[in-house]
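# Structural overview for review
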Amino acid sequence: MPPPPAVSIRVPPVVSTTSAARFAERAKVRRTIARRQAISLVSAGLAVVAVAWVLLWSPVLALDPDELAIEIQGAGSVVASDQVREVVAERDGTPLPRLDTGGIRQDVLDVPGVREASVSRDWPHGLTVTIVAREPVAAVPAQGRSGYTLLDEEGVQVGHVRKAPGELPVVDVPAGQKRTLRAVLEVVHELPAELSAQVASISARTQDTVSMELRGGLRVDWGARRTRRSRSRS
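Now for a look at the structure at hand. (Residues numbered from 1 in each chain as written. Predicted model: local features only at pLDDT ≥ 70, side-chain atom pairs only at ≥ 80, totals over all residues. Heavy atoms only, no water.)

Before going further, it helps to examine the sheet that holds strand β2 (residues 114–122). If you walk across this open sheet you meet the three strands as β1-β3-β2, and the pairing is mixed. Whereas interior strands pair on both sides, the edge strands pair on one side only; in this sheet they are β1 (68–73) and β2. On average, each strand axis in the sheet is inclined to that of its neighbour by 15 degrees, with strand direction left out of account. In terms of strand pairing, β2 meets strand β3 (residues 126–133) through eight bridges, oriented antiparallel. (Pairing = 2+ DSSP bridges. Helix = DSSP H or I, 4+ residues; strand = E, 2+ residues; numbered from the N terminus. Axes fitted to C-alpha atoms, helices over the stretch in contact; angles between N-to-C directions.)

Looking now at helix α3 (residues 101–109). All of the buried residues in α3 are T101, G103, I104 and V108. Viewed along the axis of α3, the buried residues span an arc of 155 degrees, placing them on a single side of the element. Packing partners of the buried residues in α3 comprise α2 (81–89), β2 and β3. Capping the start of α3, D100 holds a side-chain oxygen 3.3 Å from the backbone nitrogen of G102, two or three residues further along. (Buried < 20%, exposed > 50% of the residue type's maximum accessible area, 1.4 Å probe, protein only. Arc of directions from axis to C-beta. Contact = heavy atoms within 4.5 Å. Polar contact = N/O pair within 3.5 Å; in protein donor to acceptor, adjacent residues only side chain to side chain.)

Residues of α2 that are buried include every one of V84, V87 and V88, and no others. Seen along its axis, α2 keeps its buried residues to an arc of 95 degrees; they face one direction. The exposed set on the far side of α2, more than 90 degrees from its buried face, consists of D82 and E86. Residues of α2 that are buried sit in contact with β1, α3 and β3.

Our focus in this paragraph is the layout of surface pockets. Put simply, the largest pocket is a space of about 570 Å³. Taken together, 24 residues line the largest pocket, and the ones lying closest to its centre are V140, Q143, L151, V173 and L181. Secondary structure elements with two or more residues in the lining of the largest pocket: β4 (138–141), β5 (148–151), β7 (170–172) and α4 (178–190). For the lining of the largest pocket, the leading source of residues is α4, giving six residues. For the lining of the largest pocket, the class distribution of residues is 10 nonpolar, seven polar and seven charged. Here the second largest pocket defines a volume of roughly 250 Å³. (1 Å grid on protein atoms, 1.4 Å probe; cavity = no way out; pocket = protein on both sides within 12 Å on 5 of 7 lines; lining within 4 Å. Points joined across faces, edges and corners; volume = space filled by probe spheres on them. Nonpolar A, V, L, I, M, F, W, Y, C, P; charged D, E, K, R; others polar.)

This paragraph deals with a positive patch on the surface. A contiguous patch of positive charge on the surface is contributed by R22, R26, K28, R30, R31, R35 and R36. Topologically, R36 is positioned in helix α1 (residues 19–56). (Patch = residues over 30% accessible without salt bridge, like charges linked within 9 Å, V, L, I, M, F, W, Y side chains within 5 Å. Areas by Shrake-Rupley, 256 points an atom, 1.4 Å probe, with all protein chains shown as cover. Salt bridge = Lys/Arg side-chain N within 4 Å of Asp/Glu carboxyl O. Lys, Arg positive; Asp, Glu negative; His and termini not counted. Charge placed at Lys NZ, Arg CZ, Asp CG, Glu CD.)

Of all hydrophobic cores here, the largest spans 20 residues; its most connected members are V171, V184, I202, V210 and M212. At the level of elements, β4, α4, β8 (199–204), β9 (210–214) and β10 (218–223) are the ones that each hand at least two residues to this core. A per-element tally of this core places α4 first, with five residues. Those residues in contact with V184 that sit more than four places away from it in its chain are V171, V173, I202, A204 and V210. L68, L96, V108 and V111 belong to the second largest nonpolar core, which has 18 residues in total. (Core = buried A, V, L, I, M, F, W, Y, C linked by side-chain atoms within 4.5 Å.)

Another aspect to go through is the pattern of salt bridges. The full count for this structure, using the stated rule, is nine salt bridges. Between D107 and R91 there is a salt bridge, and its shortest N-O distance comes to 2.8 Å. Placement of D107 in helix α3 and of R91 in the loop between α2 and α3 is noted, with a sequence separation of 16 residues between them. On the basis of relative accessibility, which here comes to 18%, the residue R91 falls in the buried class.

A surface patch of negative charge is lined by D66, E67, D92 and D122. With respect to the element layout, D66 can be found in the loop between α1 and β1.

A few words on the pairing of β8. As defined by bridge partners, β7 adjoins β8 across three bridges and the pair is classed as parallel. Bridge pairing links D172 to S203 in β8. Pairing of β8 with β9 involves five bridges; the strand directions are antiparallel. Following the sheet pairing, I202 is matched in β9 by M212.

Remember, this is a structural readout, not a statement about activity or role.
In structure tokens form, the structure reads like this:
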């Protein structure tokens, strides 16, 4: 009688045959995972540093003063664009993300004739400076030098010219009389545009004795914010 056929049985390999070996296997796996996590963290950190360097220190996003846009709002503006450009040029090469736009705005406000200003980044290398200009409404003889000082409606000096502008009235008030000057400027501000264009000069000794001379020769006396009388200057 022939022997029965041989039967082969596959037994899966045993990873660890003892508890110590199993613990060693698990520790090795944990070390491998920890090493991979450390490598990932280091790689991520290096990537963050690289991005930060590109954005904050490299010339990739550096300010170029030649890409400055200046927008000035206000009729009769005397704001010198060159002075605004000088303010921005001091920050030449500074990356836009690190640019102190608030500081630039404060410096622009110091430029004569600027009432308000805003600064915005214009990626990747430019800036846009929007200015609301003080509008001159009158000219007064300059103190200590020749020419005329231009004033806005608040009495703020916005410029200096050698010759009185034909479109602005020349104001004559006693030196140091701020209240009288303010009263004159209020009168100028209240005048209708068509009448204001005809005023050649305004004088006042007090805040209630404002007198205007029109270009046609007519004089108008103005007191306490109302016209009191007018007569021909013949």
